[in-house]
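Each chain, written out:
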Amino acid sequence: MRGNILNKIRDKISPLFFILMTTGLGFVFGVISIAFWKGNWLISDGILNQDFIYKIEEINVNKRALFFLCLEKRLGAFFLLFLLAFSSVNVWANIFFFFLNGLYMGSIIELMSMRYGIQGILMYMSLVLPHGFFYTVGYLKLGCWCLKIEKSIYEELRKKEAKVRYFKNKGSLIAALVWVLLGVVLESYVNLKIFKIFF
């Protein structure tokens, strides 16, 4: 029953809007949740510690090691969503992934703005840009591809259109991967420098 309702909602809106709606709900929930747990988070979250900025200023990062760490994390999520696109849990995997990212983003922005005010929002922007923009575009493209291929495989398999549509959409999948890889490069070699410039 729940699956049927979910499919009806998904079929009436575009994949992009479906993903943005899911992320937005996660973001709102993340912001609202601070009202219940902000005391514990403000004390325990290292990113809100008084010494946080000073630690960042003094940090010396092995950029090559950071590159491979980011590559492992980002491509791990990428290929997991890719593989799940061919399973029956594809839609739920995308909902979980994008809701969780929205939840994290909303929570951190709210916490940093509470701790540092306007400077906290600027701090967050310097931490996630420009690589965050590339990740956003890449994962949005991937999510849209996953939802389209899932519909093609499970709803149009009898028409023998699944294989055709898969190959028609492979350009979007490759583009998504390129965007994510560019984000990895920026996160590893550029973002820490930008953060140090502002703070």
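Quick look at the structure, then.

Criteria and thresholds
Residues numbered from 1 in each chain as written. Predicted model: local features only at pLDDT ≥ 70, side-chain atom pairs only at ≥ 80, totals over all residues. Heavy atoms only, no water. Core = buried A, V, L, I, M, F, W, Y, C linked by side-chain atoms within 4.5 Å. Buried < 20%, exposed > 50% of the residue type's maximum accessible area, 1.4 Å probe, protein only. Helix = DSSP H or I, 4+ residues; strand = E, 2+ residues; numbered from the N terminus. Contact = heavy atoms within 4.5 Å. Axes fitted to C-alpha atoms, helices over the stretch in contact; angles between N-to-C directions. Parallel < 35°, antiparallel > 145°, perpendicular 65-115°, else oblique. Left-handed = near helix turned anticlockwise from the far one by under 90°. Nonpolar A, V, L, I, M, F, W, Y, C, P; charged D, E, K, R; others polar.

### Observations regarding the nonpolar core
- Within the largest apolar cluster, 26 residues are counted, with the highest numbers of intra-cluster contacts made by F78, Y139, L142 and W145.
- Listing elements by their share of this core, those giving two or more residues are α2 (15–44), α4 (63–84), α5 (90–116), α7 (131–155) and α9 (170–189).
- The element that contributes the greatest number of residues to this core is α7, accounting for nine residues.
- Setting aside residues up to four positions removed in sequence, L142 forms contacts with F78, L81, L173 and A176.

### Observations concerning the packing of α4 against α9
- Closest axis-to-axis distance for the α4/α9 pair is 8 Å, and the angle between their directions is 155°. Between α4 and α9, the interaxial angle falls into the category roughly antiparallel. Seen along the crossing, α4 lies across α9 with a hand that is right-handed. Contacts between α4 and α9 involve K63, R64, L66, F67, C70, L71, R74, L75, F78, F79 and F82 from the first element and L173, A176, L177, V180, L181, V184, V185, E187, S188 and Y189 from the second.
- Its residues placed into classes, the contact of α4 with α9 shows 16 nonpolar, one polar and four charged.

### Looking at the environment of F78
- Of note, F78 is situated in helix α4.
- For the pair F78 and L177, spaced 99 residues apart in sequence, the C-alpha separation works out to 7.8 Å.
- Among all residues touching F78, those that are not within four sequence positions of it are Y139, L142, L173, A176, L177 and V180.

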